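# Analysis of the macromolecular model
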Amino acid sequence: MPHTELEIAAFLAAFEAGTLPKERWTHAAHILTGACYVHALGESAAIDRMRLRVSSYNEAVGGKNTETSGYHETITIGWIKLLARLLRETGPMGRAPFAALAVERYADNRSALAAYYDFDLPGSVEARRNWVPPTRGSLD
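Residues numbered from 1 in each chain as written. Predicted model: local features only at pLDDT ≥ 70, side-chain atom pairs only at ≥ 80, totals over all residues. Heavy atoms only, no water.

### Re the layout of surface pockets
Let me state the cut-off plainly: Cavities and pockets were defined on a 1 Å grid built from protein atoms only: a cavity is a group of points that admits a 1.4 Å probe but offers it no way out, a pocket is an open group of points flanked by protein on both sides within 12 Å along at least five of seven lines, and a lining residue is one with an atom within 4 Å of any such point. Grid points are joined across faces, edges and corners, and a volume is the space filled by probe spheres set on the points. A helix here means a DSSP run of H or I that spans at least four residues, while a strand means a run of E at least two residues long, and both kinds are numbered starting from the N terminus. Under the grouping applied here, Gly and all other residues not named as nonpolar or charged are polar, the nonpolar ones being Ala, Val, Leu, Ile, Met, Phe, Trp, Tyr, Cys and Pro and the charged ones Asp, Glu, Lys and Arg.
When its volume is computed, the largest pocket comes out at roughly 650 Å³. Taken together, 27 residues make up the lining of the largest pocket; nearest its centre are His27, His30, His72, Ile75 and Arg110. When contributions to the lining of the largest pocket are tallied by element, the ones reaching two or more residues are helix H2 (27-41), helix H3 (43-60) and helix H4 (73-90). A per-element tally of the lining of the largest pocket places H4 first, with five residues. By residue class, the composition of the lining of the largest pocket is 16 nonpolar, nine polar and two charged.

### Structural notes on H3
Condition: For a helix, the expected span equals 1.5 Å multiplied by the number of residues minus one. Three exposure classes are used, based on accessible area relative to the maximum for each residue type with a 1.4 Å probe and protein chains only: buried under 20%, partly exposed in between, and exposed over 50%. Our arc is simply the arc of the directions from the helix axis toward the C-beta atoms. Only heavy atoms matter for contacts: two residues are in contact if any of them lie within 4.5 Å across the pair.
Between the first and last C-alpha of H3 there are 25 Å, a value that for 18 residues agrees with the 26 Å anticipated at 1.5 Å per step. The set of residues buried in H3 consists of Ala46, Ile47, Met50, Val54, Tyr57 and Asn58. Each buried residue of H3 sits inside an arc of 115 degrees when the element is viewed along its axis, so together they form one side. Residues of H3 that are exposed and point more than 90 degrees away from the buried face comprise Ser44 and Glu59. Those residues of H3 that are buried lie in contact with helix H1 (5-17), H2 and H4. Note on H3: the residue one or two positions beyond its end, Gly62, has a positive phi of about 90 degrees.

### Side note on the environment of Leu83
As for its position among the elements, Leu83 is in helix H4. On the basis of relative accessible area, Leu83 is assigned to the buried category, the value being 1%. Placed 51 residues apart in sequence, Leu83 and Leu32 show a C-alpha to C-alpha distance of 9.7 Å. Residues in contact with Leu83, not counting those within four places in the same chain, are Ile31, Gly34, Ala35, Val38, Phe98, Ala102 and Tyr106.

### Focus: the packing of aromatic side chains
To keep it simple, the criterion reads: For Phe, Tyr and Trp, rings pair up if their centres lie within 6.5 Å, where Trp contributes its six-membered ring, and each pair is then called stacked (planes under 30 degrees apart), edge-to-face (over 60) or tilted (otherwise).
For the coordinates displayed, the defined rule picks out five aromatic pairs. Between Trp25 and Tyr57, the ring centres sit 5.4 Å apart and the planes meet at 55 degrees, which makes this aromatic pair tilted. Here Trp25 is found in the loop between H1 and H2, whereas its partner Tyr57 is found in helix H3, with 32 residues between them in sequence. We classify Trp25 as buried; its relative accessible area is 12%.

### Brief notes about the nonpolar core
The test is simple: Nonpolar cores were defined as sets of buried Ala, Val, Leu, Ile, Met, Phe, Trp, Tyr and Cys residues, with membership established by side-chain atoms within 4.5 Å.
Core analysis: the biggest nonpolar cluster contains 44 residues, and Trp25 and Leu82 have the highest contact counts within it. For this core, the secondary structure elements donating two or more residues are H1, H2, H3, H4 and helix H5 (95-106). Once residues lying within four places of it in the same chain are set aside, the contact partners of Leu82 are Tyr106, Ala112, Leu113, Tyr116 and Leu139.

### Section: the packing of H3 against H4
Think of two packed helices as two axes; the pair is described by the angle between the axes and how far apart they sit. This is how the line gets drawn: Structural elements are reduced to axes, namely lines fitted to C-alpha atoms, with helices fitted over the stretch in contact, and the angle between N-to-C directions of any two is expressed from 0 to 180 degrees. When the near helix sits turned anticlockwise from the far one by under a right angle, the crossing is termed left-handed; a clockwise turn instead gives a right-handed crossing.
For the pair H3 and H4, the least separation of the axes is 10 Å and the interaxial angle reads 145 degrees. In this structure, H3 meets H4 at a crossing whose hand is right-handed. Where H3 abuts H4, its residues Glu43, Ala46, Ile47, Met50 and Arg51 lie against Glu73, Thr76, Ile77, Ile80, Lys81, Ala84 and Arg88. Across the contact of H3 with H4, the residue classes break down as six nonpolar, one polar and five charged.

### Focus: the side chain of Asn58
With respect to the helices and strands, the residue Asn58 is situated in helix H3. Note on Asn58: relative accessible area 12%, which makes it buried. Setting aside residues no more than four positions away along its own chain, Asn58 makes contact with Trp25, Gly63, Asn65, Gly70 and Tyr71.

In structure tokens form, the structure reads like this:
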């Protein structure tokens with residue numbers, strides 16, 4: 001994962017251009033990207049940016065955004081909400097330190113959102129298409 005501002009900028013540019021190698025688009029990369037967007041744009045605009053960029057990236061590397069694969073609306077919004085909460089809790093800090101903190105906190109916890117849902121979130125077609133608020137607790 002990139003650590004410095006220059007490395008992060010290059011990583012984000014490659015992701016947004018659709019040239020980031022597919023094997024580098026890991027869960028940790030999703031977290032890093034979401035953290036950078038939250039840091040720069042705030043929660044609402046970060047959601048919009050992730051929605052657009054993840055969908056575009058999937059197609060750029062030969063993937064499809066369907067009812068069973070690719071972009072997932074609820075997972076994307078849920079992670080952005082968790083990252084926005086982390087930023088509020090930690091207070092002001094630079095982009096690189098915040099991205100590193102987010103990756104440290106969540107890279108090994110792919111199932112963090114499962115605590116907020118009483119159904120199979122990744123497998124839900126409805127949740128893939130549309131934002132479904134948590135059924136347990138709050139992400140805000």
